[in-house]
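Structural overview
For reference, the chains in residue letters:
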Amino acid sequence: MALSVDSALYRWQRLGAESAPHTLSESTPLLFSARDKPKLNLNKRRIVFPNNGRQWEDWKQASTFYSGNRIQTTKYTWFTFLPQYLFEQFHRLGNLYFFFLVVLNWFPQVEVFHREITMLPLIVVLLATMIKDAIENYRKYRFDKMINFSKTRVYDKEERAYVEKCWKDVRVGDFVQLQCNETIPADILLLYSSDQNGICHLETANLDGETNLKQRRVVMGFSSQNTSFEPEFFQNTIICEMPNNDLNKFKGYMEQPNHERIGFNIESLLLRGCTIRNTEAAVGIVIYAGHETKAMLNNSGPRYKRSKIERRMNTDIFLCVGLLFVMCLVGAVGHGIWTGNFSEHPPYDVPDANGSFLSPVLAGFYMFLTMIILLQVLIPISLYVSIELVKLGQVFLIHNDIDLYDEEADLPIQCRALNITEDLGQIQYIFSDKTGTLTENKMVFRRCTVDGVEFSHKENARRLETHKELDLDDDDFAKLQHFTLPPMNIERPATYKQRTMRPLRRCQSARAHFQGHTRNRSLGRRDSNQSQVAFSSTIEKDVTPDSRLLRRVREAALQTENLSPFIHTKTFTSFTDFFLALAICNTVLVSTATEPRQRVTVPPPIKPSGITLEKIHQMFQRLKLASLSQSFSSSQSSSDLGASFSAKYTEEHLAALGCCDNDDNCCASGRGDELQGEGRTDIGSASLDEVFKSVTNSPLPTDFCYEAESPDEAALVYAAQAYSFTLVSRTPEQVTVRLPQGTLLTFDILYTLGFDSVRKRMSVVVRHPLTKEIVVYTKGADSVIMDLLEDSAKADTSAEKRMKRIKEKTQKHLDYYARDGLRTLCIAKKVLNEDDFQKWANFRREAEAAIDNRDELLMETAQHLETKLTLLGATGIEDRLQDGVPDTIAALREAGIQIWVLTGDKQETAVNIAYSCKLLNQRDTVFTINTENKETCESLLNLTLEEVRKNYEVEKPRRRFFGIISTSFSASEAPSPEFGLVIDGRTLNIIFQGGLEEKFLALTKHCRSVLCCRSTPLQKSMVVKLVRRQLKVMTLSIGDGANDVSMIQAADVGIGISGQEGMQAVMASDFAISRFKHLKKLLLVHGHWCYARLAKMVIYFFYKNVNYVNLLFWYQFFCGFSGSTMIDYWQMIFFNLFFTSVPPLLFGVLDKDVSAETLLGLPELYKNGQNSEIYKLSTFIMTMLDAFYQSLICFFVPYLTYEDSDIDVFSFGNPINTISLLTILLHQALEMKTWTLFHVVTMIGSVVFYLIFSVIYNAACVVCNPPTNPYWIMEKQLSDPTFYLLCFITPVIALLPRFFIFALQGTFGASLILKAQQLDKLPKEQRDIEIQKLRSRKQTTSGASPASNDDLEQNISHLCVSPFLHPAAAAVSYGDTESQGLSASEVNPLRKQTPEEGYYFFNRWAEEESTATDSSAGPFSGHYPRVPSTVTPHGQDGGKLTKDNAHNFNHGSHRRSVSAVTL
Amino acid sequence: MKNKTSFLPQEGEARPSRCPDNSAFKQQKLPAWKPQLTIASVLSSFFLIGAFCLSVGVCLILSANSVREIQIDYSDKCSDCSKLRENSSNWNKECQCSVNFTLKEDIVGDVFMYYGLQNFYQNHRRYVISRSDAQLLGRNVNIQKSYCAPFTTYRNGTPMAPCGAIANSMFNDSIDLFYNLNSSVIQVPLLKTGNSWWTDKNVKFRNPKSYNLSSAFAGTARPPYWQKPVYLLDEEDERNNGYVNDDFIIWMRVSAFATFRNLYRRVRHIRQFTDGLPAGNYTFHISYNFPVTKFKGRKRVILSTVVWSGGSNPFLGIAYVVTGTAATLTGFVITAIHLKLRKKKTYFQK
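Everything quoted here is computed from the prediction, not taken from an experiment.

**Brief notes about the domain arrangement of chain B**
- Segmentation of chain B into domains returns domain 1 (46-67 + 311-337) and domain 2 (69-306).
- The distance between the C-alpha centroids of domain 1 of chain B and domain 2 of chain B comes to 39 Å.

**Considering the pattern of salt bridges**
- Under the definition given, this model contains 43 salt bridges over all chains.
- Salt-bridge contacts for Glu938(A) lead to Lys999(A); the nearest nitrogen and oxygen are separated by 3.0 Å. Placement of Glu938(A) in helix α29 (residues 934-965) and of Lys999(A) in helix α31 (residues 997-1006) is noted, with a sequence separation of 61 residues between them.
- Among the residues examined, Glu938(A) registers a relative accessible area of 26% and is labelled partly exposed.
- Each of Asp1204(A), Glu69(B), Arg261(B) and Arg300(B) takes part in salt bridges that share partners, so that together they form one network.

**Some details on the side chain of Gln426(A)**
All names here are of chain A.
- Mapped onto the fold, Gln426 is located in the loop between β14 (414-415) and β15 (429-432).
- For Gln426, a relative accessible area of 1% corresponds to the buried category.
- If sequence neighbours within four positions are ignored, Gln426 has contacts with Lys308, Ile309, Met1034, Tyr1091, Tyr1166, Gly1169, Gln1170 and Ser1172.

**Concerning the packing of aromatic side chains**
- Evaluated as defined, the whole model comprises 93 aromatic pairs over all chains.
- Here Phe365(A) and Tyr366(A) contribute two aromatic rings whose centre-to-centre distance is 6.0 Å and whose plane-to-plane angle is 45 degrees, an arrangement assigned as tilted.
- The class of Phe365(A) is partly exposed, set by a relative accessible area of 46%.
- Between Phe396(A) and Phe25(B) the ring centres are 6.4 Å apart and the planes differ by 35 degrees, which places this aromatic pair in the tilted class.

**A few points about the interface of chain A and chain B**
- With 103 residues of chain A at the interface, the matching set in chain B holds 93 residues.
- Contact between chain A and chain B buries roughly 8400 Å² in total, counting both sides, with carbon and sulfur atoms accounting for 64%.
- Three residues stand out in chain A for area buried against chain B, namely Tyr348(A), Asp1204(A) and Pro1267(A), and they jointly supply 9% of the buried area on that side.
- Asp1204(A) is the salt-bridge partner of Arg300(B), the closest N and O atoms lying 2.9 Å from each other.
- In this assembly, chain A and chain B are joined by 25 residue pairs in polar contact (both at pLDDT 80 or more).
- When residues of the side of chain A that touches chain B are assigned to their parent elements, the largest contribution, 14 residues, is made by helix α44 (residues 1281-1305) of chain A.
- Grouping the constituent residues of the side of chain A that touches chain B by class yields 55 nonpolar, 29 polar and 19 charged.

**Some remarks on the sheet that holds strand β21 (residues 734-738) of chain A**
All names here are of chain A.
- Pairing within the open sheet is antiparallel, and its nine strands lie in the order β17-β16-β26-β25-β24-β23-β22-β21-β20. The open sheet terminates on both sides in strands that have one partner only, identified here as β17 (453-455) and β20 (726-730). In this sheet, neighbouring strand axes are inclined to one another by 30 degrees on average, regardless of whether the strands run parallel or antiparallel.
- Across seven bridges, the pairing between strand β24 (residues 774-780) and strand β25 (residues 823-832) is antiparallel. Along β25, the bridge assignment pairs Tyr777 with Lys829.

**Side note on unusual backbone geometry**
Residues and elements named next belong to chain B.
- In this structure, the amide linkage connecting Ala149 to the following residue, Pro150, adopts the cis form with an omega of 5 degrees.
- Along the chain, Pro150 turns up in the loop between α5 (133-136) and α6 (165-168).
- Between Ala161 and Pro162 the backbone carries a cis peptide bond, its omega angle lying at -5 degrees.
- Position of Pro162 relative to the elements: it lies in the loop between α5 and α6.

**What about the UniProt feature "transmembrane region" (unreviewed entry) in chain B?**
Residue and element names in this part refer to chain B.
- As recorded in UniProt, the feature "transmembrane region" (unreviewed entry) lies at residues 37-64 and 315-339.
- Its end C-alpha atoms 37 Å apart, residues 37-64 is made of 93% helix and 0% strand.
- Between the end C-alpha atoms of residues 315-339 there is a gap of 36 Å, over a span that is 100% helix and 0% strand.

**Things to note about the environment of Asn460(A)**
- When you line up the elements, Asn460(A) lands in helix α12 (residues 458-483).
- Taking the relative accessible area as the measure of exposure, Asn460(A) reaches 0% and is therefore buried.

**Comments concerning helix α37 (residues 1142-1150) of chain A**
Residues and elements named next belong to chain A.
- Burial of α37 is extensive: eight of the nine residues sit out of reach of the surface.
- For α37, the set of buried residues is Pro1143, Pro1144, Leu1145, Leu1146, Phe1147, Gly1148, Val1149 and Leu1150.
- In this structure, the buried residues of α37 make contact with α11 (381-399), α35 (1078-1116), α36 (1129-1139), α41 (1209-1231) and α42 (1237-1260).

**Comments concerning the environment of Leu1286(A)**
- The topology assignment puts Leu1286(A) in helix α44.
- Residue classification places Leu1286(A) among the buried residues on the basis of a relative accessible area of 0%.
- For the pair Leu1286(A) and Cys1119(A), spaced 167 residues apart in sequence, the C-alpha separation works out to 22 Å.
- The contacts of Leu1286(A), once residues within four sequence positions are left out, are Val1197(A), Pro1198(A), Thr1201(A), Tyr1202(A), Pro1215(A), Ile1219(A), Pro1291(A) and Leu316(B).

**Focus: the UniProt feature "transmembrane region" (unreviewed entry) in chain A**
All names here are of chain A.
- On the UniProt side, "transmembrane region" (unreviewed entry) is annotated at positions that read residues 90-107, 119-135, 317-338, 358-385, 1129-1150, 1177-1200, 1237-1260 and 1283-1314 here.
- Span residues 1177-1200 is 100% helix and 0% strand, its end C-alpha atoms 34 Å apart.
- Each end of residues 1237-1260 is marked by a C-alpha atom, and these two atoms are 33 Å apart; helix forms 100% of the span and strand 0%.

**Digging into the pairing of strand β8 (residues 260-267) of chain B**
All names here are of chain B.
- Burial analysis of β8 places seven of its eight residues in the buried class, the great majority of the element.
- Across six bridges, the pairing between strand β4 (residues 112-118) and β8 is antiparallel. Bridged to Leu117 within β8 is Phe260.

**Structural notes on the nonpolar core**
- Phe1212(A), Trp251(B), Leu277(B) and Phe284(B) are the most contacted members of the largest nonpolar core, which has 187 residues in total.
- If one sorts the elements of this core by residue count, α35(A) sits on top with 19 residues.
- Split by domain, the residues of this core number at least three in each of domain 1 (46-67 + 311-337) and domain 2 (69-306) of chain B.
- Not counting chain neighbours up to four residues away, the residues in contact with Phe284(B) comprise Ile72(B), Cys97(B), Ser98(B), Val99(B), Phe101(B), Met113(B), Ile175(B), Asp176(B), Leu177(B), Val301(B) and Leu303(B).
- The next biggest cluster of nonpolar side chains, apart from the first, holds 53 residues, and it includes Val453(A), Ala722(A), Leu727(A) and Leu745(A).

**Observations concerning the sheet that holds strand β10 (residues 261-265) of chain A**
Residue and element names in this part refer to chain A.
- One open sheet accounts for four strands, arranged β1-β8-β9-β10; its pairing is antiparallel. In the strand order of this sheet, the two ends are held by β1 (45-48) and β10, each with one partner. The mean inter-strand angle of the sheet, taken between neighbouring strand axes irrespective of direction, is 20 degrees.
- Strand direction decides the pairing type here: strand β9 (residues 251-255) and β10, joined by five bridges, are antiparallel. Looking at the pairing, Met254 lines up with Ile262 of β10.

Calculation rules
Residues numbered from 1 in each chain as written. Chains lettered and ligands numbered in written order. Predicted model: local features only at pLDDT ≥ 70, side-chain atom pairs only at ≥ 80, totals over all residues. Heavy atoms only, no water. Domains from an automatic or database assignment. Salt bridge = Lys/Arg side-chain N within 4 Å of Asp/Glu carboxyl O. Helix = DSSP H or I, 4+ residues; strand = E, 2+ residues; numbered from the N terminus. Buried < 20%, exposed > 50% of the residue type's maximum accessible area, 1.4 Å probe, protein only. Contact = heavy atoms within 4.5 Å. Phe/Tyr/Trp six-rings, centres within 6.5 Å; stacked < 30°, edge-to-face > 60°. Buried area = accessible area lost by both parts, 1.4 Å probe. Polar contact = N/O pair within 3.5 Å; in protein donor to acceptor, adjacent residues only side chain to side chain. Nonpolar A, V, L, I, M, F, W, Y, C, P; charged D, E, K, R; others polar. Pairing = 2+ DSSP bridges. Axes fitted to C-alpha atoms, helices over the stretch in contact; angles between N-to-C directions. UniProt positions renumbered as here; feature names shortened; annotations may be inferred. Core = buried A, V, L, I, M, F, W, Y, C linked by side-chain atoms within 4.5 Å.

Quick look at the structure:
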C-alpha cells in the first residue's frame, strides 16, 4: 500500500513538473496538501488513472478532483427552494422596491394604508412566479434524473466484469463498454472496438447536427489486439488537456509503465451524447465526465431573456422612479413648509401618540416616505403581472395559429419562451442556418452533363415537383385502398403503395433512447420520416433516369459490343466512366436495408462459378485492343461488355425502362431486382451471358443505404444507382460496384485524397480490376477542376479539339446550373501509368511519413496528382430549398430585416443557396474574404469598406438631390448596387481575435446580406453576440441542428426548426417551427401584433398609473401635503386590480391594428415595430404628459365643482374615482382598433362591476375599514345629479385633445399603419389592388424592386456566371503580368511553404456594362503569393497586399466586370 | 354511406391531430367592429358633443344663478371674542357676539344655514384617521387600539368619548338667527335635526346601550377641548344627543378641503318663514367658542338655498359651456381642414 502511494507521489510530481516546468520548486508532497498540489499540476493537464484496481490510490486521489458524471441543470433543490427562490426574487429591483414599501408601511409615522394592504401585491407577484419557477425546476429535475439514471456498462474491479451502472455513477478513469446504438455517457477515450480495424462509428447528430457517421479510431497500439480488451491489465496513465469546449480538438498521450508514450487526438475520443453506430462493442476509459464533458461545456445554459420592450420599460420605470422622487420631494418640502407656517399647532395638526409634535424638517422627511407609499402605484407592479398574463395569451394564440401548423409533421408551432413574444415584432437581424433551415437538407440529383451533352432529367424534375403532393396523396390513397378498394384492382394502388411503403422500409436506424447528451429525448417519433438514416429519403433515393441518357448508356454498350471503330466510341466510354466515378469517387459507406447501419464491407460472396473473373478479364483485354487508339479508353468498364447481352435483352430492358419513364414509380432499386430476374430468365444466347448469369445469380441485397459525409455524395451515388451503377460495398481497401448487367467489379483503392476546402476536390486512385490500369477519379468544384484539365490550348488533333469543345460546352452548362442554384460538381479522370504512379506513391508515402509540414506536403502531393485530368462531365445537385423560402426572405427583407446566413457548410454551397433563395442577387457585388492572416484581413476589410463607401458616396448626393426635387421622382434613379459579403470561419476567427470587429460590422452594415461559411457553433454564437451587442439590434437566430444551439441561445429570439435533426435546436429555442416559411407569418403578423399589443398595453399601463396616482398627488396640495387620500383604500387597490385590468389585458391579447392579410401583403408595416414606433421615449413622454393633463382634468373639474361646499373627503373622492375610471377606460376605447364581443363585454363589464362593487361595498361596510370608511357614499353620489354631470363632462374634457389629435393624424402625414387600417375596410379584391399600388409606389421610391430585379436578371443572366466560381480560372488565364508572375510561383508544387493563408476576391456586376460580363473575357488580376509560414513581416505583407488590391480594384472598376482578387 | 361511416371510427382511433382548431377565436378572426375616424364620425361626434354640452351648460348656469346665498364672515366682526379665545385659559368664559345683515329680497324655498371654516384642514391625514368608528357605533371597544391617539385616554386612564382629534376639535359655536321685524326680534325657527345623512344618523352612529345616556357614557370623559360631555350635546332632544347628535355627526364627516362649510341648521317653514326667509334685517347671535385665529382661520355663516344641481357654484355650468364651445369650434376647424385637403384625397377615405 505504502509503496503504491509513494509511486503515485513520484508520478504526480514528475507529471506536474513536466506539465509546468516552473512549478518544479513546488514539490509539496501530494499526501499532505492534496488540495493544492493537484490544482497546480492540473492547471494545464488532466491526468487520468484507470479505475481497475491497479492504481487504486492514484485513481482515488485524482478522481476526487474531477467532477462525476451526474449532471444537474436545476436551479433549486427541494430544501433550498424557498430561501434560494426568495433570495433570487429579492435580487430583482421591483420586488425589492415593493418589499421596501411593505417594510416602510410598518412604521406608524409614515403608514398610509393598512399594513396588510401593501403586502398584497407583493405576495401575489411572488406566489405567481414561485409556482412558475417550481414547475420549471421540477421539469428540469425530471430530465436530469432520467439522464442520470440511464444505464451503461462499467467495468467493476471487484467483479472483474462490466456491470450495469447509472450514468451518474460513472467516474473519470472508469472503463465503459458500449454497444451499438448506445449513447455515450461521458467523454471516453476509445481503447477497443469490435471492428477489426479498430474503428468505431459515431453519430454526432446530437452534438453538431450532422447525421452522417464519423469514424473514431482506437488509440494506436491497442488496435492490434485481436482478443477483446481486458481493462484489468491496463496500466497506462493518460495525460491530456483540461476540459474545454472545443469539439474538434483534443490532445494527449498515454504513458505506459515503461514510460513509453502513445499519443492520441480527437480521433480517439468518443464524445458524450453521441451514439455508437455500426460497431458491436467498444470499450474506452472515461476522460471527462458530467459537466466537464465537451458536450456539456458547449452547452452554455440558457440566458434569461428579457424582451426589448421590457428593457425599454425598465428604463421608463426608472423615469417613473425619478418622477416619484420629485413628487415625493414636493410633498415633503410642501409639508415641511406647511407645518412650519403655524406658530401654534392648530387642532387639525394631530400630535403623535405621545402628544408631541415633529419638527417641520422631520415631518417633511416622514412625509417623503409616506408619499412613497402613497404614490407607489406610479411604479406599476401590476404591469409585470399583466405583461406575463398578456404574453401567455399571445403565446396561446400563436400556438393555435393554423397557418403555423405543419401537416406533414403534425406539429404546430411551439412557443417555449413565454416572455419574448413581442420581440418577434422588432427583429432587425436574422441569423439563419442553411442546411435544414433554408433547405430541406435533402440533396437531389437534378441534371448532369456528360461529354458536353446536357441531360436535363426532365422526368426527374417533374417527379420532384409532384413528389410532395404524391406523398400526401399516397397516404390518403393507401388508406382509401385499405378500406374500400376490392383486391382485384389493386394494381395501381399497389404501385403507390410501394412508394408509400418505402419510407418505412428505409433503413431505420434504431435511434438510441437518448437523443441528446443532456436531457433531450427523441420524443417518440412515430413517423418513419424522421427516424431516417442520413440522406436517404425517397426524394433523394429515387432518381428517375433521363431516358435519353439511359439510351446512350445502352447504346454505348451496344457500340462497344460491335466494336465498331466509330469516333463516338470514346463518348460512350466516358458515359460509363462518368457513372463509375459517381459511384466510386466518394467516401460513402454502404449498409443494407435489412440490417440497418450494418456496414457492408465485404462484397457479397460471388459464387465460384469457375473462371468468372478471369473470363471477364480476358474479354476486357479483347475489348481493349479494339479501342487502343484512344488513350483514355483503357478504363472501359464491364458495362461496355453488357452490350454483349443479346439484343433481345436490351430491347426488353429498354421497354422496361420505357415503362419506367412513363410511370415514375419504377425506381432504381426495383430495377436491380428486375435485372436480376431477367438475367436469370435470359438463358445463354451468347457465351458471355453465361458468365454474367453466373455472376448475377449471386444473391445480392437489393436495397442499400448509403451513409455519406455530405449529402451530395449520397445524391451522386443514388444517381449512379439509378443508372444501374450500384455501389455495393466499400472498405478502406476495396470498393465494389455492380454494373448494369449485374457484374460486380471490385476496385482496389490505392489512395483516397479526401476533400478539403483548399483543393475543393477529392480524388480516388483505384486499380481497375479488369484492365489493371491505375485510374484517378476526381470530383470537385468546377472552378478548380476546369483549371486542372489537360491543356488543350494547342488543339492540334481532332480529339483535342473535341476536348476543348466539350470543355466549353460543359462550362456553359455549369454556368447554367449555377444560375439555377444547383450545386455543381465536375467529374474528371486520369489514367496513370505504373511508373508515374509508383513515383507519385513514393512521394506520397514520404509526405505521409513526414513530421514537419506533413499537411502541406500531403496537399502538394495531392495537387501534383490532380493534374492533366480528362473531363468526364458535371452534375447539378439541388439541395432543395424549402417551400416558400425565397418568398419569405423577400418579404422579411422588405420588412427591413437584415438576413445573415451562418452555416458550417462549404462556401460554394452556401453561396449557391444564397443565390437560389434570393438572398444574393446575381447583380449584387459579392465580396469574399478568406484569410488566416490578421494584417491581410484588416487591409481587406479596409479596402472593401472603402470600395463600398465610395459607392455610397456616389449614391448619396444623387439621392439627396432627388430628395429635394421630389420624392416620387427618384424612381428613375438607377438601382443602387447591393453588396453581399461572404466570409469563412477562419476569417471570422481572425476578426474576433484581431479586434477587427468594428471594421467587420461597419462593412456588414453596408451589405445586403452576409454569409458566414464554415463556421463552428461557437463562432456562430459569437457572430450573433457581436452584432447584438455592438450594433444594439434585435437579433433572431433560426436553425435546426444541434450546431445551431449556441447561436439560438445567443440571439434575442431563438427559433428552432423541428425538422430532421434531433430536438437540440428545438430544446434550446424560444419558438420551434417546422418550416422556414412559417417565419413570415410569425414575424410579420404575430410579431407585429404582439409588439403593437404589448407596446400599447405597456404604455397604457404607465398612462393609467400616472393618471391615477396624480389624482392623489394633486390632492396633497389641498390637504397640507399630509398624505391623505380621498379615495377609499380598497377601491383604490381594486381599481388597478379589477376595474381597469381586464380591458387592457384583453387589448394586449386580442387587439389587431391591421389584419393579417394586410400585414402579409405589406411587409413594410413590420418596420413599425422594428423602429419601436409605438413605444419609445418620445411616445412615453407624450403619454406621460397626456396622463398629467388628464389627471389634472379629472381632479380639478370635480374640485372646482365641489369647491366651498359641504362635500366630505370620501364623497369627493368617489366621483373622482368614477371619473378617472371612465376616462381611463374611454382612453382605452380610443386606442382599441378592434372591437369584438369580448371587448365590448369587458368594457361595459368593468364599469358595471365597478358600480356594483362600490354600491355593495359602500352599503355593507359600516365599520369594516376603520378609521376611514366609505359607508353609503356611492349611494349618496348616485342620487346626486351633479355626480352624473361630472361623470360626463370630465372624461370629455380629458379625452378631447387626444381625440382631436387622432382625428388630425389621418389628415397630416398619415402613417402607413393608418393607411393599412383604411385598406382593411375595403373589400378583399379592392384591398389587394390597393396593396399592390402601395407596394409599387414604395418600391419605386426605394429603387430596386425584386420584380424588376428579376427581369433584369433574366436579361443579363446568360452572361453572368455564378460569380465566384471562376476566380481561379481567370487567374490563370487572364491575370496581368504581375499576378502571372506570382501565380507562376503557385504552380511550383514543391515549394515547402504553407499554402495561401489569405484569399480573397470580389467581383462586381455592373448592369450598365453587363455585356462585358462574359466570363471568359472577365479581366482579372489574381495572385497567389505563398506567405512563408515562418516569420514574414506582416506589416510589409499587408502593405503589399493593399497595393495589389488597390490596383485590382481599379482594374475591376475600370473594366466593369468580374474582378476578383486572390491573394 | 354506411360504409363510409363505418370506417370513420377507425380513423378516429388514430392519434388526435395536433392541428389547432380552426375556430374564429383561435385564429383571431372573431367578427369585429373596427371603428375608424372617418370625417363623418369625427365631425358628428364633435358637433354632437358641442351641442349637448352647450345646452346642458346653459341650463346649469341658469339654475345656479337662481340660488340665493348670503355669506357672513364673522371672524373679524367678533374680534373681541376671538382675542379672548386666543388664550386657551379662557376656555370656559362665555363670549357672545352678534352680526347684523339685511336681506334685500326674499329667499324663497328651503333655506340652509351653514357654518363655514377657512384654512381648517379637516382633510389632514392624521386628522382624518383620528377617530374610532366602532366607538361611535356604540360598541364597547378598547380605543387604545384605534387610531385616536393621542386623544384616547386621559393620564388617569379614563377613555375619552368620543375619542380622536376630529371629535376633540368639534366646531362648538352656536349660531342663532333673529329676524328684526318692526323692531321686534323674532327668532327664526331652525331645525337642528335631519341635517345629517340618514344612514349616518341611523346606522353609523349609535349611542352605547343603557337605560339612560349619562350612564351609557359613565366611565368616560369628554374630549379635552369640549366644554361639556357628549351626553349633554343636546339636552332637549334625546334622539339628538350623544353620538347621534346631528352637529356632531356632521362634524365627524370630515370635509374634503381646507375651506368648507357644514350644514348647521335649516329654516323651519312655519309662520313668516313658510316660504323661506323674507326680506328684511336679520341678526346672528353667535356664542363664540371655536378659536380659529391661531391657525389663521376664518369662520363664516352662510344662508343658502339649493337647486337640483347643487349650490351656487357656477363652475359646472361654465365647464359645460366652455367644453361645448371648444368642441364645436374644433368641429369647424376640422371641417375647414377637410375642405381644404379634400382634393388631395389623402385622408378620411370612406
